[in-house]
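Here's the letter readout for the chains.
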Amino acid sequence: MKERDIKDLIKSQDNFLEHSTEHTIEKRISILKTLKSTIKSHEQEIVDAIYKDFQKPEFEVLTTELFVVYKELNIFIKNLKKWSKPKSVSSAWLNFPSSDKIYYVPWGKVLVIAPWNYPFQLAITPLIGAIACGNTVVLKPSEHAPHTADILEKIISDVFEQKQAKVIQGAVDTAKNLLNQKWDYVFFTGSVPVGRIVSQQIAKHMTPHTLELGGKNPCIIDSSANLDIAAKRICWGKFLNAGQTCIAPDYLMIDENIKTKFVEKLISTLKEFYKDEAYGDYARMIHADHFEKLVGFLDDQAVIYGGEHNAKTNFLAPTLVDSPEFSSDLMKEEIFGPILPIYGYSTFDELKSTIKAFDKPLSLYVFSEQDQFIKKVNQNFDFGGGVINDTIVHFVNDKLPFGGVGASGVGNYHGKASFYTFTRQKPLVHRKNWLDIPIKYPPYTKVSSFKSFLNLFR
Ligand code: NAD
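Attention in this report is confined to the structure presented alongside it. (Residues numbered from 1 in each chain as written. Predicted model: local features only at pLDDT ≥ 70, side-chain atom pairs only at ≥ 80, totals over all residues. Heavy atoms only, no water.)

Considering the overall build of the protein
We apply this condition: The secondary structure listing takes helices from DSSP runs of H or I that are at least 4 residues long and strands from runs of E that are at least 2 residues long, numbered from the N terminus. Any residue under 20% of the maximum accessible area for its type is buried, any over 50% is exposed, and the rest in between are partly exposed; the area is computed with a 1.4 Å probe on protein chains only. Only heavy atoms matter for contacts: two residues are in contact if any of them lie within 4.5 Å across the pair. Under the convention used here, a 1.4 Å probe and the Shrake-Rupley method define accessible areas, while residue burial counts only the protein chains that appear. Residues scored as positive are Lys and Arg, those scored as negative are Asp and Glu, and His as well as the terminal groups of each chain are ignored. Charge positions are represented by NZ for Lys, CZ for Arg, CG for Asp and CD for Glu.
Broken down by element type, the protein carries 16 helices and 18 strands. Looking at the protein as a whole, 52% of its 458 residues are labelled buried. The contacts in the protein between residues at least 6 apart in sequence include a share of 73% that link residues at least 24 apart. When the accessible area of the protein is evaluated, it comes to approximately 21700 Å², of which 53% is carbon and sulfur surface. Each charge sign in the protein was given a centre, from 55 positive and 53 negative side chains, and these centres are 12 Å apart.

Things to note about the nonpolar core
Selection criterion: Each nonpolar core is a collection of buried residues, namely Ala, Val, Leu, Ile, Met, Phe, Trp, Tyr and Cys, held together in the definition by side-chain atoms within 4.5 Å. As annotated, the domain borders come from an automatic or database domain assignment.
Core analysis: the largest hydrophobic core is formed by 105 residues, its most contacted members being Leu35, Ile39, Phe76, Phe120, Ile221, Ile234 and Phe262. A per-element tally of this core places helix 4 (residues 58–84) first, with 11 residues. Looking at this core, you find at least three residues from each of domain 1 (3–213 + 409–425) and domain 2 (218–403). Not counting the four nearest positions on each side in its chain, Phe120 is found in contact with Ile39, Ile46, Ile50, Glu65, Leu66, Val69, Thr148, Leu152 and Ile155. In this structure, Ile10, Val138, Val192 and Leu211 belong to the second largest nonpolar core, which totals 18 residues.

Remarks on a positive patch on the surface
Short version of the rule: Here, patches come from residues exposed beyond 30% relative accessible area and free of salt bridges, joined within 9 Å for like charges and within 5 Å for nonpolar side chains (Val, Leu, Ile, Met, Phe, Trp, Tyr). A carboxyl oxygen of Asp or Glu within 4 Å of a side-chain nitrogen of Lys or Arg is what we treat as a salt bridge.
On the surface, a cluster of positive charge is made up of Lys78, Lys82, Lys85, Lys87 and Lys416. Here Lys85 shows up in the loop between helix 4 and strand 1 (87–89). Residue classification places Lys85 among the exposed positions, given a relative accessible area of 58%.

A look at the site of the ligand
Using the following cut-off: By convention in this text, a residue qualifies as near a molecule or strand provided that one of its non-hydrogen atoms is within 4 Å of it. Contacts described as polar in this section are N or O atom pairs within 3.5 Å, which, within protein, must combine one atom able to donate a hydrogen with one able to accept it, while residues neighboring in sequence count only if both atoms come from side chains. Each residue gets one of three labels, nonpolar for Ala, Val, Leu, Ile, Met, Phe, Trp, Tyr, Cys and Pro, charged for Asp, Glu, Lys and Arg, and polar for the others, Gly among them.
The environment of the ligand is formed by 28 residues, the closest being Ala114, Glu143, Ser191, Leu213 and Glu334. Note that an oxygen atom of the ligand is positioned 2.7 Å from one of the backbone N or O atoms of Ala114. In this structure, Leu213 approaches the ligand through a main-chain N or O atom, which is 2.6 Å from a nitrogen atom. In isolation the ligand has 840 Å² of accessible area, and contact with the protein removes 92% of it. Contributing elements (two or more residues each) for the shell around the ligand: helix 7 (172–180), strand 6 (185–189) and helix 8 (192–203). When residues in the shell around the ligand are grouped by element, the largest group, four residues, is from helix 7. Looking at the shell around the ligand residue by residue, the class counts come to 17 nonpolar, six polar and five charged.

Things to note about the side chain of Thr391
Looking at the element boundaries, Thr391 is found in the loop between strand 16 (385–388) and strand 17 (409–410). Here Arg233 takes part through its backbone oxygen, which lies 2.8 Å from a polar atom of the side chain of Thr391. Non-local contacts of Thr391, meaning those with residues more than four positions away in its chain, are made with Arg233, Ile234, Trp236, Gly237, Pro249, Tyr365 and Phe367.

Remarks on the sheet that holds strand 10 (residues 302–305)
Test applied: Following DSSP output, two strands are said to pair if at least two bridges run between them. Where helices are involved, their axes are fitted lines through C-alpha atoms of the stretch in contact, as for all axes, and angles between N-to-C directions lie from 0 to 180°.
With mixed pairing, seven strands are arranged side by side in an open sheet as 10-13-14-9-8-15-16. Of all the strands in the sheet, the pair left with one neighbour each is strand 10 and strand 16. Along the sheet, successive strands turn relative to each other by an average axial angle of 25 degrees, direction set aside. Against the sheet, helix 14 (residues 371–380) engages strand 8 (218–221), strand 14 (339–345), strand 15 (363–367) and strand 16, with an angle of about 165 degrees to strand 15.

Quick look at the packing of aromatic side chains
For the record, the criterion: In this analysis, rings of Phe, Tyr and Trp, with Trp reduced to its six-membered ring, are considered paired at centre separations within 6.5 Å, and the interplanar angle assigns stacked below 30 degrees, edge-to-face beyond 60, and tilted for intermediate values. Placement of a positive charge over a ring is assigned whenever Lys NZ or Arg CZ falls within 6 Å of the ring centre and within 35 degrees of the normal to the ring plane.
Tallied over the full model, the rule gives 30 aromatic pairs. Each ring, one from Phe96 and one from Trp434, has its centre 5.8 Å from the other, and the planes form 90 degrees; the classification is edge-to-face. Of the two residues, Phe96 sits in the loop between strand 1 and strand 2 (98–106) while Trp434 sits in the loop between strand 18 (423–431) and helix 16 (447–455), which places them 338 residues apart along the sequence. Arranged with centres 6.4 Å apart and planes meeting at 65 degrees, the rings of Phe402 and Tyr413 form a pair that is edge-to-face. In this pair, Phe402 sits in the loop between strand 16 and strand 17 while Tyr413 sits in the loop between strand 17 and helix 15 (415–421), placing the two residues 11 residues apart along the sequence. In terms of burial, Phe402 and Tyr413 fall into one category: buried. Taken together, the ring pairs connect Trp107, Tyr185, Phe187, Phe395, Phe402, Tyr413 and Phe422 into an aromatic cluster. Its guanidinium or amino end placed over the ring of Phe348, Lys376 lies 4.4 Å from that ring's centre, counting from NZ or CZ.

What follows is the structure, given as structure tokens:
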């Protein structure tokens, strides 16, 4: 889209927002219902598009893309009216008499930039929250999932006039052009390095924002863990979407005494999960560059299982690697693919110093039956969100805010957290005129009375 067309679009969204009082909550709920039925009528096309983009299995599309989106739509359709009601709060003594309220108002024009790894869900979920809260949206999907971007564009243009929501397709230049404009809110999901660039670009307008980023998510297994269950839940969370999940375990830290036994369990679980030799229940790497980067990560590594790959199909098998050097390429950045490094630890201090050498992660997982150990992990580490005795499932509870901390992100969303993300809390104090206590006005003759009053707070 040309710069001039972007500016015209922004102007039309500004006009739409000018008449925001016409865009009642009822109308917003109604358009969310239309969005839901339109998605429903295009389900098969969505499944096909994501398959074309990276052979994501239909079951994974239904569970990790469509289910999540329907749930978010349902929660907003059900709760928007209730959540949007202005909230009365008790007033300050000093303002007596007054009645004080918080109004939940839209930010205005929201720019959503989405990644390719859950190409439908990570584009639509923020859009749902933004639209529900009365904002307009410009959505830029990832250029690396072009089939999904096409169906996203079709659905959004079927449901919305562009003055309310519009998909703009394109790559980095398009994203940069969009970021050059003045937005009221930017919602970015993507990698840490690009998150840094985005944050610098929007700083010039001091635009409020959410950054949903990534990082190296540790997964800790102590000697008391139920190893059979842990093996299944770790293999599922790691190799779903072929490891291309922001909250997938990045590396395992396991009590040295049970490491060998646990590795055997991981291997037998993988053999059971992927018995189909064609790997039909397993996605492919999104593109050749990503495939090559991941295969390159395996150079000179101690691969204990997997490692098979095929450049023609961007296929890389689920792979386990024993204790790679922390200075290796594999461990320098987020892996974001089906390679799982496994380290043994002997003491809690060793565990702590290893994990703390990385930035605060988006997620942390701990498998243990010992409450004391779990408590210690929770007290010693900071992370965006975590799970005890499973991986990635915190994502599905819409009552939990989802987001990172430090380098893994800024802000959060999902369910009510999305409502707070896409509205601004606007306070309004309504003073009454039937009483006007004169103490605050000059000349200041009541210093000693106020000192007595202050005693109540001292
Ligand atoms: P990416 O950062 O390469 O791209 C994300 C989006 O940013 C794309 O739409 C892309 O076109 C755009 N972009 C790329 N370069 C840009 C630039 N210089 N300026 C402005 N925009 C630019 O990320 P990706 O490869 O699509 O996705 C993978 C990353 O996203 C991983 O790091 C993963 O952890 C993270 N992620 C985070 C979450 C989360 O919810 N926290 C979810 C999914 C993925």
